[in-house]
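Secondary and tertiary structure notes
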Amino acid sequence: MPELEVEHVSVYYGTNQVLQDISMTMEAHTVTALIGPSGCGKSTFLRLFNRMNDFISDFRHEGSILIQGQDIYAPQQAVEELRKRVGMVFQRPNPFPKSIYDNVTYGLVLQGVRSKAVLDEVVEKSLRQAALWEEVKNDLRKSALALSGGQQQRLCIARVLAVEPRILLMDEPASALDPISTAKIEELIYDLKQQYTILIVTHNMQQAGRVSDKTAFFNYGHLIEYDDTGRLFTQPSHEQTQNYITGRFG
Amino acid sequence: MPELEVEHVSVYYGTNQVLQDISMTMEAHTVTALIGPSGCGKSTFLRLFNRMNDFISDFRHEGSILIQGQDIYAPQQAVEELRKRVGMVFQRPNPFPKSIYDNVTYGLVLQGVRSKAVLDEVVEKSLRQAALWEEVKNDLRKSALALSGGQQQRLCIARVLAVEPRILLMDEPASALDPISTAKIEELIYDLKQQYTILIVTHNMQQAGRVSDKTAFFNYGHLIEYDDTGRLFTQPSHEQTQNYITGRFG
Amino acid sequence: MSNMTRNRLLDGAFRAVGLLATLLGLLLLAVFLLDILRTGLSRLSWQFLSALPSRFPERAGIYTALLGTVWIMVLTALIAVPVGLAAGVYLEEYGRKSRWSALLEINITNLAGVPSVIYGLLGLNIFVRFLRMGSSVLAASCTLALLILPILIVATREAIRAVPKTLREASFALGATRWQTIWYQVLPASMGGILTGIILALSRAVGETAPLLVLGVLAYVPFAPKSPLDEFSALPVQIFNWISRPQQAFGINAAAAIIVLLLITFGLNGLAIFLRNRWRRHLP
Amino acid sequence: GEESTSQKISIDGSSTVFPITEAVVEEYARQHPRARITVGVSGTGGGFQKFCRREIDLTNASRPITDREGQDCHRQDIDYLPLTVAFDGLVVVVHPSNTWVKSLKVSELKKIWEPAAQHRIMRWNQIRPEWPAAEIHLFGAGTASGTYDYFTQAVVGQRHASRGDYTASEDDNVLVQGVSTDPLALGFFGFAYYEANQAALRLVPIDDEQPHNGAGPIVPTVETVKNNTYAPLSRPLLLYVSSVAARRPEVQAFIRFYLTQAPDLAREVGYIPLPATEYRRQQARFDEFVTQQR
Amino acid sequence: MKQRERLIEALLALSAGISVLTTGGIIVMLAVEAAHFFRQVPLGTFLTDTQWTPLFADKHFGILPLVSGTLLTTGVAIAVALPLGLIIAIYLNEYATVGFRNVIKPLLEVLAAVPTVVYGFFALTVVTPFLQRLIPGMAGFNALSAGSVMGIMILPLVSSLSEDALTAVPRSLREASYALGATRLQTAMRVVVPAASSGITVSVILAISRAVGETMIVAIAAGQEPRLTANPLVPVETITTYIVQVSSGDVAYGTLEYDTIFAAGITLFVLTLVLNNVGYWFRQKFREQYE
Ligand SMILES: Nc1ncnc2c1ncn2[C@@H]1O[C@H](COP(=O)(O)OP(=O)(O)OP(=O)(O)O)[C@@H](O)[C@H]1O
Ligand SMILES: Nc1ncnc2c1ncn2[C@@H]1O[C@H](COP(=O)(O)OP(=O)(O)OP(=O)(O)O)[C@@H](O)[C@H]1O
Ligand SMILES: [Mg+2]
Ligand SMILES: [Mg+2]
Ligand SMILES: O=P([O-])([O-])[O-]
């Protein structure tokens with residue numbers, strides 16, 4: 001069974017259709033890159049999987065989205081439960097204005113975990129996974145806002161890992177970062193792939209090439225092409241894809 | 001005499017130095033592309049030439065900038081006069097919420113031109129130059145906001161041409177536009193080169209390759225490399241440039 | 001003269017006029033404060049603060065009025081703050097785009113613009129007469145609480161709106177419910193703005209006179225209230241009372257009492273600005 | 001309810017009588033720091049209304065209670081006792097810079113104030129042709145005040161009948177301020193308010209055209225008010241006690257204090273006290289009223 | 001979990017409902033009491049009679065004198081606040097340095113934080129005597145003095161809200177204008193002010209509404225004589241003053257005379273309601289333009 005299945009999904013904001021009958025499946029432990037020009041619907045697509053679009057008042061969708069065969073838009077699906085299974089990392093680092101420690105433990109505290117021992121352990125484990133532990137282990141009580149942009153982004157990743165999701169959504173996670181931080185995040189994605197299924201939106205085609213197994217190219221709400229990354233970049237089967245990856249627009 | 005000369009220019013915002021000792025010269029009737037990662041100082045550099053940075057309260061610069069040998073930061077330089085000679089096109093189309101006609105004539109009206117005949121003539125000439133005349137000639141009284149993004153941007157170009165500048169500054173003029181509009185703007189730049197000296201900031205390397213004669217690559221406020229466009233893209237002499245144009249960062 | 005020179009001259013002229021106009025506004029404020037200080041400062045003393053009202057201007061004090069004002073402030077805050085906060089949170093975080101929320105929206109805008117005398121009439125009919133509270137501290141506090149409610153709601157909403165959406169998204173994406181997100185993220189992050197709003201609203205309540213007059217707050221109350229159902233006087237009412245006496249000496253008393261009232265309102269405003277600036281630094 | 005009012009004494013009513021009562025309460029509070037007495041100013045009519053609704057214990061009045069108001073009280077099972085506490089003269093005043101008005105006849109006052117004057121008598125020269133053609137700005141007691149009732153009765157000849165286009169306030173201070181800042185003003189209010197502001201106002205002598213009662217224009221003074229030659233504008237000031245309140249010891253103590261202090265305090269705030277024997281008689285009447293309530 | 005969330009939401013909604021109850025309370029109260037009044041006084045008379053003497057023997061119930069008094073003081077206030085406020089807004093927005101503006105704007109807003117009873121005192125004891133020296137024969141209570149002080153009070157409302165509106169004009173428009181060689185004044189007058197016109201209109205409407213509802217300044221300094229006049233030098237009475245005068249003077253409760261304050265109140269309420277909603281409408285329009 002594929003980890004994620006998208007079947008004939010269309011999305012509307014009010015009367016404006018922004019995704020047009022998308023179908024695709026993703027396997028566990030793969031990294032899928034979503035590329036396409038600005039406004040083509042990449043973020044909207046990504047946010048379908050943890051139902052973050054639900055907050056948009058005139059959002060409406062058709063079709064179904066299954067995680068391990070379960071319809072995540074089914075009425076009995078508790079959305080908070082879903083979001084624990086499907087973690088998300090945003091374009092700009094968005095740590096809470098709290099300490100590093102409190103950032104990482106937030107998800108567990110929400111679930112009622114209070115034991116200091118458990119929390120301590122999770123903090124260390126998650127920060128290690130996010131390749132941040134060494135840099136901050138002596139400053140866990142420091143405000144997260146005092147970290148650099150790249151560190152903040154890794155903290156946000158650690159925060160997500162702490163609640164042990166199966167799936168990770170990343171919306172241009174490195175676009176606000178410097179080259180060195182970007183490299184670190186890319187490395188991290190490579191490591192995390194062992195345990196998680198990852199979807200990543202990026203506007204940087206080289207990045208898509210470096211980190212992903214498969215790539216989906218969107219344009220004007222259509223899924224134009226979805227293929228192994230190597231093939232899509234070297235021998236795209238659509239002219240639009242060709243034009244896009246050679247920088248003719250976008 | 002070169003059209004533009006920049007000599008040992010450094011720029012500070014407060015204590016933050018954002019341009020570091022830049023020197024370069026530009027010939028008349030050339031297109032120079034400015035490229036580099038976000039925040040490297042391209043816009044700041046561009047806006048030195050029409051003194052738009054003057055509005056930033058803690059802006060400060062060193063070094064001198066000459067247009068046709070004249071120091072444009074000299075005390076006797078009337079800044080309004082300078083801005084008529086150095087036109088600017090911005091990243092997002094910014095037409096005034098007035099009619100198309102009033103947009104184009106704005107600069108002349110400021111100078112006290114009232115004659116309907118003169119204004120009519122300038123409107124037609126400028127709109128023709130900006131390749132917009134045919135599309136709007138029957139709707140000159142319509143609000144400029146009713147135009148499409150690409151049309152708006154060409155209107156903004158016509159508005160600048162109406163005051164007959166020598167130099168055109170363009171800050172990512174096509175980045176908010178669709179592929180077709182982008183192509184039109186690029187064509188336009190090619191035509192305008194006959195009469196104007198053009199500086200263009202772009203984040204799209206393919207675009208830089210297509211429209212410019214020379215390209216300057218900035219990073220962290222330094223001018224890393226400045227060369228013929230062809231050479232810079234095919235055989236850059238710095239590793240940073242190489243990394244940037246191959247998408248390793250930015 | 002060339003057009004360019006003319007335009008530059010006009011520009012310079014306007015710069016001068018603008019500066020003058022701005023300074024004129026401040027000058028008026030200064031004249032006004034100085035006049036009051038000049039008139040009232042000499043009267044200000046411990047005796048003035050601690051004395052009961054009197055028919056002799058030099059013996060009269062603001063003890064009861066001051067205490068009345070403090071009572072009102074505390075009680076009004078106790079009533080209005082929880083309601084205003086809750087309503088603000090509701091409108092900002094729960095109000096969906098429905099007819100109901102559009103109604104609430106327009107309703108609050110309108111309430112904020114209802115003249116204070118009308119609140120006085122409402123308080124008179126509902127609290128003083130119908131609920132038989134009389135012209136008590138409680139009746140006045142309820143009335144003033146209604147009056148500042150829209151201010152509180154708007155301030156709460158603005159403070160909440162200033163919390164970046166990314167913070168909420170981060171919280172939701174970690175599985176937080178709506179209330180958890182509000183409680184753990186939104187409220188702490190907007191506390192500065194909310195506190196500022198509360199204090200500004202209270203400073204408004206402290207200075208209100210007309211509704212109290214309409215409620216029938218008394219002319220002469222020589223004792224401090226002991227319970228919410230006691231009658232009382234308040235600083236602005238005392239000031240109004242003294243202003244309307246024609247004897248010069250009471251005018252001096254009024255000025256002295258105004259200094260005290262201004263100290264309170266400016267103090268509150270200053271505190272609000274201080275808090276706002278302090279908190280601003282805490283936001284990402 | 002009963003519980004809370006029993007510890008307090010609430011007084012309201014006439015603004016004319018207010019200064020005396022205020023003074024008495026102030027002195028009383030000085031000697032009885034635990035006393036909780038409030039004094040409001042709602043005008044005589046407003047005071048009677050609250051009085052008969054049992055909202056207050058005592059009410060100040062600058063005219064006697066009317067039959068209608070009396071019936072209201074009786075309907076609420078309230079009996080009451082009026083105590084005379086001082087005399088007052090109504091004064092007619094102009095701005096000190098007014099050079100033309102030397103005196104006024106009662107008939108002229110009537111011409112100015114009667115209902116028919118509304119929107120018609122608007123200039124000084126309509127009263128006497130030799131006076132200036134300038135606007136006249138009128139200030140007078142508000143309709144809820146006893147002063148108004150008394151003035152209309154005495155001048156126009158009918159209670160509550162007057163023009164309505166003037167600055168009417170229950171608060172005499174507003175009137176004093178109005179007249180003292182307006183060179184074209186003419187106003188009337190209680191004697192006490194004139195006394196407190198003599199410098200800012202000019203008194204107008206009044207001629208009632210009844211020679212047997214003092215010939216020519218008469219200036220209101222302590223003497224002319226007391227001996228009633230300043231007619232028709234002098235009157236008694238009253239304090240009404242309700243039968244419910246009279247039963248309470250603290251009210252009794254307060255009234256006793258009031259009547260012993262009134263001679264001094266009435267004088268002090270600008271009114272004309274009764275003769276000393278008269279105050280003793282008021283006390284006796286009150287004592288009798290109290291015994292009746294048992 | 002679900003249940004707790006629901007309960008909390010219900011509690012919060014209830015609090016929000018109180019604001020609706022308040023509005024409802026005001027409307028019902030005014031309507032019921034004013035209905036008593038209009039049963040005895042025809043609406044036509046109320047709106048057209050030119051005299052307001054409900055407390056006197058010859059009773060007239062024409063609201064016009066109170067409305068005219070209100071409009072007169074408001075007019076004077078706006079005549080002071082509008083030009084001054086607009087110039088200040090443009091100056092602060094286009095000319096002043098950020099530092100200067102950050103200091104001056106809160107200072108100006110202090111003008112709006114001063115309790116109005118204090119302004120009344122100022123009008124009566126400083127402004128009126130001052131104006132009387134310039135205009136001999138001016139009455140002690142008058143619309144001019146009260147109105148101009150009210151103008152000072154609402155000045156920050158106009159200047160701050162207009163300044164906000166000017167700030168909301170996208171920087172890109174300003175830059176476009178400057179880049180074409182415009183001076184600051186030209187940019188302000190030809191681009192920024194027109195683009196912010198609906199926001200500026202909102203500020204003025206709100207200022208008018210505030211002035212119409214203002215009570216203490218006029219009660220202390222404008223007088224208490226209902227008079228249908230456009231002369232700002234004589235005493236007038238505003239709707240608000242009348243309400244305070246009568247409700248604190250305690251006219252017999254339940255009588256026709258007493259009900260006049262609700263007739264006056266509903267007039268005031270409707271006036272401000274209309275102003276506020278026009279303002280609201282403009283603001284929505286303004287928002288759509290730039291958001
Ligand atoms: N909250 C919203 N309400 C209405 N329309 C929206 C909303 N969010 C996005 N859209 C529209 O939906 C379309 C797709 O937006 P989306 O953010 O998914 O694009 P994107 O591919 O992520 O773009 P970018 O690369 O700029 O992030 C766009 O046309 C956008 O204008
Ligand atoms: N008004 C300002 N005040 C202070 N610092 C500024 C200001 N504008 C820009 N900067 C800083 O100056 C540096 C250069 O900015 P600039 O806008 O010139 O970069 P850029 O290369 O044009 O970037 P982009 O591609 O994002 O437009 C950045 O670090 C930026 O943060
Ligand atoms: Mg996106
Ligand atoms: Mg830039
Ligand atoms: O306040 P009055 O004495 O005039 O009723």
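Worth saying up front: this structure is predicted, and the values here are computed from it rather than measured.

**Some points on the overall build of chain E**
Summing up its helical and strand segments, chain E has 12 helices and 0 strands in all. Listed by position from the N terminus, the elements making up chain E come as α-α-α-α-α-α-α-α-α-α-α-α. Considering only C-alpha atoms, chain E reaches an extent of 70 × 70 × 35 Å along its principal axes. Within chain E, the proportion of its 291 residues that are buried is 62%. Residue pairs in contact within chain E that sit at least 24 positions apart in sequence constitute 70% of those at least 6 positions apart. A total accessible area of about 10000 Å² is found for chain E, and carbon and sulfur atoms account for 67% of it. Across chain E, 17 positive and 18 negative side-chain charges occur, with their mean positions spaced 11 Å apart.

**Things to note about the sheet that holds strand β8 (residues 197-201) of chain B**
Residues and elements named next belong to chain B. The strand order β6-β7-β8-β3-β9-β10 describes an open sheet built from 6 strands, whose pairing is mixed. Of all the strands in the sheet, the pair left with one neighbour each is β6 (86-89) and β10 (222-228). Strand after strand, the sheet turns through a mean of 15° between neighbouring axes, direction not considered. Here helix α6 (residues 149-161) sits on the sheet in contact with β6 and β7 (167-171), set at roughly 170° to β6.

**What about the interface of chain C and chain B?**
Across the contact, 4 residues belong to chain C and 8 residues belong to chain B. In this assembly, chain C packs against chain B so that about 400 Å² is buried in total across both faces, 45% of it on carbon and sulfur atoms. For chain C, the biggest contributors to the area lost against chain B are C:Asn3, C:Met4 and C:Arg8; these three give 88% of the whole. On inspection of chain C and its partner chain B, the count reaches 1 salt bridge. We note a salt bridge from C:Arg8 to B:Glu80, for which the minimum N-O separation is 2.7 Å. Applying the counting rule to chain C against chain B returns 2 residue pairs in polar contact (both at pLDDT 80 or more). In terms of residue class, the side of chain C that touches chain B is built from 1 nonpolar, 2 polar and 1 charged.

**Quick word on helix α3 (residues 64-95) of chain E**
Given a rise of 1.5 Å per residue, 32 residues ought to cover 46 Å, and the 44 Å separating the end C-alpha atoms of α3(E) matches this to within 8%. In terms of residue burial, α3(E) counts as a mostly covered element, since 23 of its 32 residues are buried.

**A look at the site of ligand 2**
Residue and element names in this part refer to chain B. In the region of ligand 2, the neighbouring residues are Tyr-13, Val-18, Ser-38, Gly-39, Cys-40, Gly-41, Lys-42, Ser-43, Thr-44, Ile-56 and Glu-172. Backbone polar atom of Gly-41 to an oxygen atom of ligand 2: 3.0 Å apart, as the coordinates give it. Thr-44 is positioned such that a nitrogen or oxygen atom in its side chain is 2.5 Å from an oxygen atom of ligand 2. Sorting elements by how many residues they give to the shell around ligand 2 places helix α1 (residues 42-46) first, with 3 residues. Per-class residue counts for the shell around ligand 2 are 4 nonpolar, 5 polar and 2 charged.

**Some details on the sheet that holds strand β4 (residues 59-67) of chain B**
Residue and element names in this part refer to chain B. Strand order in the open sheet made by the 4 strands is β2-β1-β4-β5, with antiparallel pairing throughout. This sheet does not close on itself; its edge strands, each paired only once, are β2 (16-26) and β5 (70-71). Alignment of strand β1 (residues 4-13) against β2, held across 7 bridges, turns out to be antiparallel. Pairing of Glu-5 across the sheet is with Thr-25, part of β2.

**Some remarks on the pattern of salt bridges**
One pass over the full model with this rule turns up 71 salt bridges over all chains. Put simply, C:Glu169 and A:Arg47 hold a salt bridge, and the shortest N to O gap is 2.5 Å. Of this pair, C:Glu169 sits in helix α7 (residues 165-173) while A:Arg47 sits in the loop between α1 (42-46) and β4 (59-67), each in a different chain. Close ionic contact of A:Arg128 with A:Glu134 constitutes a salt bridge, the shortest N to O distance being 3.6 Å.

**What to know about the interface of chain C and chain E**
Taken together, the contacts link 73 residues of chain C with 75 residues of chain E. Taking both sides of the interface into account, the surface hidden between chain C and chain E amounts to around 6500 Å²; carbon and sulfur atoms contribute 76%. Of all residues in chain C, C:Phe14, C:Phe32 and C:Leu121 give up the largest surface area on contact with chain E, accounting jointly for 10% of the area buried on that side. At the surface where chain C touches chain E, the tally comes to 0 salt bridges. Taken together, the links from chain C to chain E amount to 11 residue pairs in polar contact (both at pLDDT 80 or more). The element that contributes the greatest number of residues to the side of chain C that touches chain E is helix α1 (residues 3-40) of chain C, accounting for 19 residues. Class assignment for the residues of the side of chain C that touches chain E results in 48 nonpolar, 17 polar and 8 charged.

**Side note on unusual backbone geometry**
Of note, the phi angle at A:Arg51 is positive, near 55°, even though the residue is not glycine. Not every positive phi belongs to a glycine, and B:Asp21 is a case in point at roughly 45°. In this structure, B:Asp21 sits in strand β2.

**A word on a nonpolar patch on the surface**
On the surface, C:Leu24, C:Leu27 and C:Val31 cluster together into a nonpolar patch covering about 240 Å² of accessible area. Here C:Leu24 lies in helix α1.

**Thoughts on empty space enclosed by the protein**
Rolling a probe over the atoms, with the probe sized like a water molecule, indicates the empty space that remains. All names here are of chain E. This structure, assessed with the given rule, holds 5 cavities of 30 Å³ or more. Estimated volume of the second largest cavity: approximately 90 Å³. Considering the residues around the second largest cavity, the lining is formed by 13 residues, among which Leu-55, Phe-56, Pro-226, Glu-237 and Tyr-242 are closest to the centre. Looking at the lining of the second largest cavity, its residues break down into 8 nonpolar, 4 polar and 1 charged.

**Remarks on the arrangement of the chains**
Contact analysis covers 7 pairs of chains in contact, and the most contacts occur between chains C and E. You won't find any contact between chain B and chain D; their C-alpha atoms come no closer than 52 Å. Over all C-alpha pairs, chain A and chain E never come within contact, reaching a minimum spacing of 9 Å.

**Comments concerning the UniProt feature "transmembrane region" (unreviewed entry) in chain E**
Residues and elements named next belong to chain E. Per the UniProt annotation, the sites labelled "transmembrane region" (unreviewed entry) are residues 12-32, 63-89, 110-131, 143-166, 187-208 and 261-282. Between the end C-alpha atoms of residues 12-32 the distance is 30 Å, and the span holds 100% helix and 0% strand. Secondary structure across residues 261-282 comprises 100% helix and 0% strand; the distance between its end C-alpha atoms is 31 Å.

**Points about the site of ligand 1**
Residue and element names in this part refer to chain A. With respect to spatial proximity, the complete set of residues near ligand 1 consists of Tyr-13, Val-18, Pro-37, Ser-38, Gly-39, Cys-40, Gly-41, Lys-42, Ser-43, Thr-44, Ile-56 and Glu-172. At 3.0 Å from an oxygen atom of ligand 1 is found a main-chain nitrogen or oxygen belonging to Gly-41. If ligand 1 stood free it would expose 630 Å²; the protein chains cover 61% of that surface. Broken down by element, the residue count for the shell around ligand 1 peaks at 3 residues, all from α1. In terms of residue class, the shell around ligand 1 is built from 5 nonpolar, 5 polar and 2 charged.

**Details of the domain arrangement of chain E**
All names here are of chain E. Its domain assignment divides chain E into domain 1 (2-39) and domain 2 (47-290). Placing the centre of domain 1 and that of domain 2 at their C-alpha centroids yields a distance of 29 Å. Tallying the contact residues gives 10 residues for domain 1 and 9 residues for domain 2. Summed over both partners, the interface of domain 1 with domain 2 buries about 860 Å², with 84% contributed by carbon and sulfur atoms.

**Side note on the nonpolar core**
One finds A:Leu127 and B:Leu127 to be the most contacted residues of the largest nonpolar core, which totals 406 residues. At 14 residues, helix α6 (residues 137-161) of chain C tops the list of elements feeding residues into this core. Discounting residues that sit within four places of it in the chain, A:Leu127 has contacts with A:Ile100, A:Val104, A:Leu132, A:Trp133, A:Val136, A:Leu140, A:Leu155 and A:Ala158.

**Considering the state of the cysteines**
Residue and element names in this part refer to chain D. A full pass over the atoms with the stated rule returns 1 disulfide over all chains. The side chain of Cys-52 participates in a disulfide bridge whose partner is Cys-73; the two sulfur atoms lie 1.9 Å from each other. Between Cys-52 and Cys-73, the S-S dihedral sits near -70°, and the bridge is therefore left-handed. Residue Cys-52 is found in helix α3 (residues 43-52), and its partner Cys-73 is found in helix α4 (residues 67-75); the two are separated by 21 residues along the sequence. On the basis of relative accessibility, which here comes to 4%, the residue Cys-52 falls in the buried class. With a relative accessible area of 0%, Cys-73 lands in the buried category.

**With respect to the pairing of strand β1 (residues 4-13) of chain A**
Residues and elements named next belong to chain A. Counting buried residues along β1, 7 of its 10 residues qualify, which places the element largely inside the surrounding structure. In this structure, the hairpin formed by β1 and strand β2 (residues 16-26) is closed by a connection of 2 residues, where Gly-14 is found at a positive phi of approximately 65°. Across 8 bridges, the pairing between β1 and β4 is antiparallel. From the neighbouring strand, Glu-7 faces β4, where its bridge partner is Ser-64.

Conventions used here
Residues numbered from 1 in each chain as written. Chains lettered and ligands numbered in written order. Predicted model: local features only at pLDDT ≥ 70, side-chain atom pairs only at ≥ 80, totals over all residues. Heavy atoms only, no water. Helix = DSSP H or I, 4+ residues; strand = E, 2+ residues; numbered from the N terminus. Buried < 20%, exposed > 50% of the residue type's maximum accessible area, 1.4 Å probe, protein only. Contact = heavy atoms within 4.5 Å. Areas by Shrake-Rupley, 256 points an atom, 1.4 Å probe, with all protein chains shown as cover. Lys, Arg positive; Asp, Glu negative; His and termini not counted. Charge placed at Lys NZ, Arg CZ, Asp CG, Glu CD. Pairing = 2+ DSSP bridges. Axes fitted to C-alpha atoms, helices over the stretch in contact; angles between N-to-C directions. Buried area = accessible area lost by both parts, 1.4 Å probe. Salt bridge = Lys/Arg side-chain N within 4 Å of Asp/Glu carboxyl O. Polar contact = N/O pair within 3.5 Å; in protein donor to acceptor, adjacent residues only side chain to side chain. Nonpolar A, V, L, I, M, F, W, Y, C, P; charged D, E, K, R; others polar. Expected span 1.5 Å × (residues − 1). Near = heavy atom within 4 Å. Patch = residues over 30% accessible without salt bridge, like charges linked within 9 Å, V, L, I, M, F, W, Y side chains within 5 Å. 1 Å grid on protein atoms, 1.4 Å probe; cavity = no way out; pocket = protein on both sides within 12 Å on 5 of 7 lines; lining within 4 Å. Points joined across faces, edges and corners; volume = space filled by probe spheres on them. UniProt positions renumbered as here; feature names shortened; annotations may be inferred. Domains from an automatic or database assignment. Core = buried A, V, L, I, M, F, W, Y, C linked by side-chain atoms within 4.5 Å. Disulfide = S-S within 2.5 Å.

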